[in-house]
Amino acid sequence: MATVQLKTVKFGGSSLADAAQFQKVRAIIEADPGRRFVVPSAPGKRHAKDTKITDLLYRCQKLAAEGLDFSESLEIIRERYLEIAKSLSIRFDPTEELEKIGAHLKEGATKDYAASRGEYLNGLLLSDYLGFPFVDAAEVVCFNAAGVFQMEETMQKMRKRLSEMECAVIPGFYGAAPDGDIITFSRGGSDITGSLVARAVRAAMYENWTDVSGVLVADPRIVPNAAVINTVTYEELRELSYMGATVLHEDAIFPVRAAGIPINIRNTNDPSAPGTLIVADDSAESDTLTGYTITGIAGKKGFCAINIQKAMMNAELGFCRRVLSVLEENGISFEHMPSGIDTMTLILPEDAIRGKEQTVLSGIRKAVSPDRCEIEHGISLLAVVGRGMRRTRGTAARIFAALAHARINVKMIDQGSSELNIIIGLLDGDFEEAVRRIYDIFITSVTAAETN
Ligand code: ASP
């Protein structure tokens, strides 16, 4: 008999939005005896115009804080849980708990407390439905009095509690400070709880179930039917997330990464799809490349470039430092700094410099007396990410040939020393086309050649 691998499974809000989704979740859990520790989010949207339970709870708290009546929103929440429970033929009734929550809100309960109740109630419901014991995250996810998450303490408490259990449901998104006050992670934080539980129980795999079949090579709004990435390394995923790909909460990677536990992004609505496996760079799985030279393309608009020009700049001692001090004094951090012998450019987010533009430019003029110093708006950054680039020659050539054919002007190129990514600066208007061209050259043409 094959050995059963212990797995922690986290289900997002859309995977638990109604009774039909709960049924899919149970079928997934029952299909693999290794799926023993379950972390749910709060019920999410059932359709595009729906409201997440978490947002309804934030609304209740806001109304309560303003001394206004919030009973209508609380009733909508009650009905949603009741409807799920009734359709699943279980006895769970949130009425009493919601009365307590309502009373706390009237006494001035915090936003974090309010928001956390979505996961709390959903955890109780799911534990009833699965027949798994419930473990309140407030008892095992620890924050200090200042609201900072405490890893060591959390691991100790969680390990102690869960090691005695065969299986459990642990609600995502929140924990508690030493005085019992509820604290939440930032939005989407159930991903972090899942990662913590996986590490605490020393799971062989952290499965993160959502509503897409994995991480996509490119944004599907730009490239319809973009391919799914089979395997991505933690480092690559960080690069892609930083540049705008949204899959997993950024902080969810660290706990499992440190323990060498892979993450598998799976689709609740298509459970037979293998999804995306997120692995360590030195693992055997990371050697099985996706079949494409690149792993993914991501990018963001909304940057600007400060172009500084001065003859003999590179011979001037401390030039760079003086320019960067001006940014530092204004509390601005930059993204990239391409330079030439007489020129230097700083690429930074528009948001960071808004309202400070003149102060920064005159600060630079005063600090280094440049021949020219100007700001250019409307810049996009595009990252082509792929561990396969390290062993393949000509990747950069293919990217820039594709862009040249499309008559797209490249304003900046930056290849990180890890050879894991190539960052390209473009004008905003060229961004989407550039993504499509790069996708075509590395993915569409390869797939087409395979099918011919
Ligand atoms: N329910 C919370 C949110 O909507 C946390 C989560 O789903 O992970 O952000």
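In this report, we go over the structure that sits alongside the text. (Residues numbered from 1 in each chain as written. Predicted model: local features only at pLDDT ≥ 70, side-chain atom pairs only at ≥ 80, totals over all residues. Heavy atoms only, no water.)

### Regarding the overall build of the protein
- Regarding its fold elements, the protein presents 15 helices and 14 strands.
- In terms of C-alpha radius of gyration, the protein reaches 25 Å, essentially the compact-globule figure of 22 Å for 452 residues.
- Every one of the 452 residues in the protein was classed for burial, and the buried ones make up 50%.
- Long-range pairs, those at least 24 residues apart, make up 73% of the contacts in the protein between residues at least 6 apart in sequence.
- When the accessible surface of the protein is split by element, carbon and sulfur atoms take 50% of a total near 21000 Å². (Helix = DSSP H or I, 4+ residues; strand = E, 2+ residues; numbered from the N terminus. Rg over C-alpha atoms; globule rule 2.2 N^0.38 Å. Buried < 20%, exposed > 50% of the residue type's maximum accessible area, 1.4 Å probe, protein only. Contact = heavy atoms within 4.5 Å. Areas by Shrake-Rupley, 256 points an atom, 1.4 Å probe, with all protein chains shown as cover.)

### Re the side chain of Arg387
- Turning to its location among the elements, Arg387 is positioned in the loop between strand 12 (372-385) and helix 14 (395-405).
- The exposure class of Arg387 is buried, given its relative accessible area of 4%.

### Some words on the pattern of salt bridges
- One pass over the full model with this rule turns up 25 salt bridges.
- Across the pair Glu153 and Lys157 runs a salt bridge whose closest N-O atoms are separated by 3.8 Å. With a gap of 4 residues between them, Glu153 and Lys157 both fall in helix 7 (residues 151-163), about one helical turn apart.
- Accessibility expressed as a relative area gives 40% for Lys157, which makes it partly exposed.
- The closest approach of N and O atoms between Arg238 and Glu250, which form a salt bridge, is 3.1 Å. One end of the pair, Arg238, is in helix 9 (residues 234-242); the other, Glu250, is in the loop between helix 9 and helix 10 (253-259), and 12 residues separate them in sequence.
- Judged by its relative accessible area of 33%, Arg238 is partly exposed.
- Classification of Glu250 as partly exposed rests on a relative accessible area of 39%.
- When salt bridges that share partners are traced, they join Lys7, Asp32, Arg35, Glu207 and Arg266 into one network. (Salt bridge = Lys/Arg side-chain N within 4 Å of Asp/Glu carboxyl O.)

### What about the sheet that holds strand 3 (residues 168-169)?
- If you trace the 7 strands from one edge of the open sheet to the other, you get 3-2-1-6-8-9-7, paired in mixed fashion. Every other strand in the sheet has two partners, leaving strand 3 and strand 7 (231-233) as the edge strands with one partner each.
- The pairing of strand 2 (residues 35-40) with strand 3 spans 2 bridges and is parallel. Considered in strand 3, the bridge of Val38 is made with Val169.
- Where helix 9 meets the sheet, its contacts fall on strand 7, strand 8 (263-267) and strand 9 (276-279), and the angle it forms with strand 7 comes to roughly 85°. (Pairing = 2+ DSSP bridges. Axes fitted to C-alpha atoms, helices over the stretch in contact; angles between N-to-C directions.)

### Some words on helix 14
- For helix 14, the complete set of buried residues consists of Thr395, Ile399, Ala402 and Leu403. Angularly, the buried residues of helix 14 cover 95° about the axis, an arc narrow enough to put them on a single face. When the buried face of helix 14 is taken as reference, the exposed residues oriented beyond 90 degrees from it are Ala397, Ala404 and His405.
- Phi for Arg407, located one or two positions after helix 14, is positive at around 60°. (Arc of directions from axis to C-beta.)

### Some remarks on the site of the ligand
- Every residue close to the ligand is listed here: Ser41, Lys52, Thr54, Glu119, Phe173, Arg187, Gly188, Gly189 and Ser190.
- Interatomic distance of 3.0 Å between a side-chain N/O atom of Lys52 and an oxygen atom of the ligand.
- With respect to the ligand, the side chain of Thr54 contributes an N or O atom lying 2.8 Å from a nitrogen atom.
- With the chains in place, 94% of the 260 Å² that the ligand exposes on its own is no longer accessible.
- In terms of residue class, the shell around the ligand is made up of 1 nonpolar, 5 polar and 3 charged. (Near = heavy atom within 4 Å. Polar contact = N/O pair within 3.5 Å; in protein donor to acceptor, adjacent residues only side chain to side chain. Nonpolar A, V, L, I, M, F, W, Y, C, P; charged D, E, K, R; others polar.)

### Details of the state of the cysteines
- Inspection of every chain in the model, using the stated rule, returns 0 disulfides.
- Note on Cys373: no disulfide assigned, nearest cysteine sulfur contributed by Cys304 at a separation of 11 Å. (Disulfide = S-S within 2.5 Å.)

### Details of the sheet that holds strand 12
- The strand order across the open sheet built from 5 strands is 11-10-12-14-13, with neighbouring strands paired in antiparallel fashion. Here the strands that pair on one side only, and so sit at the sheet edges, are strand 11 (343-349) and strand 13 (412-415). Ignoring which end each strand starts from, the neighbouring axes of this sheet average 30° apart.
- As paired elements, strand 13 and strand 14 (residues 421-427) share 4 bridges and run antiparallel to each other. Within strand 14, the residue paired with Ile413 across the bridge is Ile424.
- Across the sheet, helix 9 lies against strand 10 (296-309), strand 12 and strand 14, angled at about 65° from strand 10, the strand it touches most.

As far as function goes, none of this settles anything; it's purely spatial.
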